[in-house]
Amino acid sequence: MIQLIFFLTVGVLLFSSLFFLARRKPRPEGTSDALVEARQALSSLQAGLLPEKLVKRVFDRGDWEYVKSEAPKPVRQLFLEERKRIAILWIDQVRNQIKNLSRFHRGSARHYAKLNPRTEMSLAFSFFGLVCSCRALQLAVSMAGPYAAPRLVGAVANAAERTCKVSEQSLAFLNAAQLGMLTNRAAGSALSRG
Amino acid sequence: MVYWLVLGAGILLQVVLLIRAPVAGLFRRYYFFYIYLLSATITALGGLAVLLVWPGFYSKWYWITQLATLVLGYGILLEVLNHVLVPYPGAERFARFSGMVAFGAIFLFALIAPRIMPRWSPGTVIEFERDVRCVQAIFIFGLLALVTYYGIPIGRNMKGMVLGYGLYIVTSLMSLAERSYAGPSFTKIWSVVQPLSFDVSLTIWLVALWSYCPNPEPDSTIPLEQDYEALVARTKSVMDTIRGYFRKAERA
């Protein structure tokens, strides 16, 4: 019976991966589109999502203290709901941009003949861990409100910021002229696909 | 009646595929695949002749040719590796590494299993085919995982080849496992299911391999860093820092 279960499980696993292959839409990995996306992800994280001021503002307890002391209950509830929504959106955006940067790493690494499978596996687990932390934070916020895990917010923001710095070095070879050229090429390929 | 219909449809599809191959210029591009297909066609036609002339020999004929096509089936996997992964040396290296690990694990399992599970033995031909199909299934699963992880694009020809062969392996593996578990009572269903699933695969191949569709080539004009170690060192240092932040957060 154990043997039967084992073989059936292997069969089901292969069948589901074939199903995903059949439904898979081609993604522009490692192409000019991917490089432009990675660059945009970096800019978006640095300029739009990670500035300390913004992070502090979204998760600032001061605003809540003020509303709690001054406003009636329905307003307080509305405030908490809105803040929660903003916090979840922020975490979602950070997670997506980190995924973009991870895709950029994979898109580059697959071309190297010297690739080390063990290193790649450990990196994959690390990226996965970071994305999971974002998920955990998202869960904490959606269950216990926007002020549930202030330290974790700081940690995620700092970690993502660090990722940006290193990714910026990785993308440093894309100077302004090359980026312009790639953006045009990406736009061209998008037009031809459309 | 159903069996003959399924068998006839299969032979017809194989012949159409083989006629189409030189017309569309596919034979010289995917010769491992067409060698497999040619052997399957010869096997099916020969089987038909044996069944009509010498029915008593059919069972033996079936198993001998089935094992031969089973081995030639690895040619399809080789074809996929050659066309999909060769332009990506890093991913190809990873595939070779994981392939070797998978084969090693299965080899070890085959050595250890009879010792820890006395009832387990790859005794019959059915069990042997089931085990080889399982190895193929694990290999294709790993290959697809790698292709998805590294976002490697697959053209229509290759996609059809993998889907068709993968689907045939899934049904073969499951029906062989069921046949091995349930015994001869499952033979009637199994003798229809296996050729029927092959017909489905042949239909997929016919659609996917009607004309030549090259696999998308990687963009070689993209400027890449010269050193993989540098890329990894940078990404690794980020990961270490990230882990550090999370440890601090946990402690705080």
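Residues numbered from 1 in each chain as written. Chains lettered and ligands numbered in written order. Predicted model: local features only at pLDDT ≥ 70, side-chain atom pairs only at ≥ 80, totals over all residues.

Asker: I'd like a rundown of helix 8 (residues 187-208) of chain B, residues and numbers included.
Answerer: Helical geometry note: an α-helix holds 3.6 residues per turn, so side chains three or four residues apart project in the same direction. Residue and element names in this part refer to chain B. Under the 1.5 Å per step criterion, the end-to-end length of helix 8 is 32 Å for 22 residues, consistent within 8% with the ideal 32 Å. Listed as buried for helix 8 are S197, F198, D199, S201, L202, I204 and W205. Buried residues along helix 8 sit against helix 1 (2-23) and helix 7 (156-182). (Helix = DSSP H or I, 4+ residues; strand = E, 2+ residues; numbered from the N terminus. Expected span 1.5 Å × (residues − 1). Buried ≥ 20, exposed ≤ 12 C-beta atoms within 10 Å, placed from the backbone. Contact = placed C-beta atoms within 7 Å.)

Asker: Could you give an account of the packing of helix 4 (residues 74-85) of chain B against helix 7 of chain B, naming the residues involved and the relevant values?
Answerer: Residues and elements named next belong to chain B. Packing of helix 4 against helix 7 leaves a shortest axis separation of 10 Å and a crossing angle of 150°. What the angle tells us is that helix 4 and helix 7 run roughly antiparallel. At the point where helix 4 passes helix 7, the crossing takes the left-handed sense. Of helix 7, the residues touching helix 4 (which contributes I76, E79, V80, H83 and V84) are M158, M161, V162 and Y165. (Axes fitted to C-alpha atoms, helices over the stretch in contact; angles between N-to-C directions. Parallel < 35°, antiparallel > 145°, perpendicular 65-115°, else oblique. Left-handed = near helix turned anticlockwise from the far one by under 90°.)

Asker: Break down the nonpolar core for me, with residues and values.
Answerer: The nonpolar side chains of soluble globular proteins are, as a tendency, buried together. If you look at the biggest cluster of nonpolar residues, it comprises 56 residues, and the most contacted ones within it are A137(B), I140(B) and L173(B). Those elements that provide at least two residues to this core are helix 1 (2-23) of chain A together with helix 1, helix 2 (31-53), helix 4, helix 5 (89-116), helix 6 (125-149), helix 7 and helix 8 of chain B. The greatest single-element share of this core, amounting to 13 residues, is contributed by helix 7 of chain B. For I140(B), the residues in contact, after removing those within four places along its chain, are L14(A), L77(B), V162(B), G166(B) and I169(B). (Core = buried A, V, L, I, M, F, W, Y, C linked by C-beta atoms within 7 Å.)

Asker: I'd like a rundown of the environment of A102(B), residues and numbers included.
Answerer: All names here are of chain B. Looking at where A102 falls in the secondary structure, it is placed in helix 5. For the pair A102 and L12, spaced 90 residues apart in the sequence, the C-alpha separation amounts to 36 Å. When residues no more than four places from it in sequence are discounted, the contact partners of A102 are I138, F139 and G142.

Asker: Which residues make up the packing of helix 7 of chain B against helix 8 of chain B, and what values do they have?
Answerer: All names here are of chain B. The geometry of helix 7 relative to helix 8 is characterised by a closest axis approach of 8 Å and an angle of 175° between their N-to-C directions. In terms of orientation, helix 7 lies roughly antiparallel with respect to helix 8. In the contact of helix 7 with helix 8, the residues fall into 13 nonpolar, 10 polar and 3 charged. (Nonpolar A, V, L, I, M, F, W, Y, C, P; charged D, E, K, R; others polar.)

Asker: A description of the environment of S142(A) should follow, citing residues and the corresponding values.
Answerer: Residues and elements named next belong to chain A. Mapped onto the elements, S142 comes out in helix 6 (residues 117-144). Between the alpha carbons of S142 and K84 there is a distance of 6.7 Å; along the sequence they are 58 residues apart. Not counting residues within four places of it along the chain, the set of residues in contact with S142 comprises K84 and I88.

Everything listed here is a matter of geometry and, on its own, says nothing about what the molecule does.
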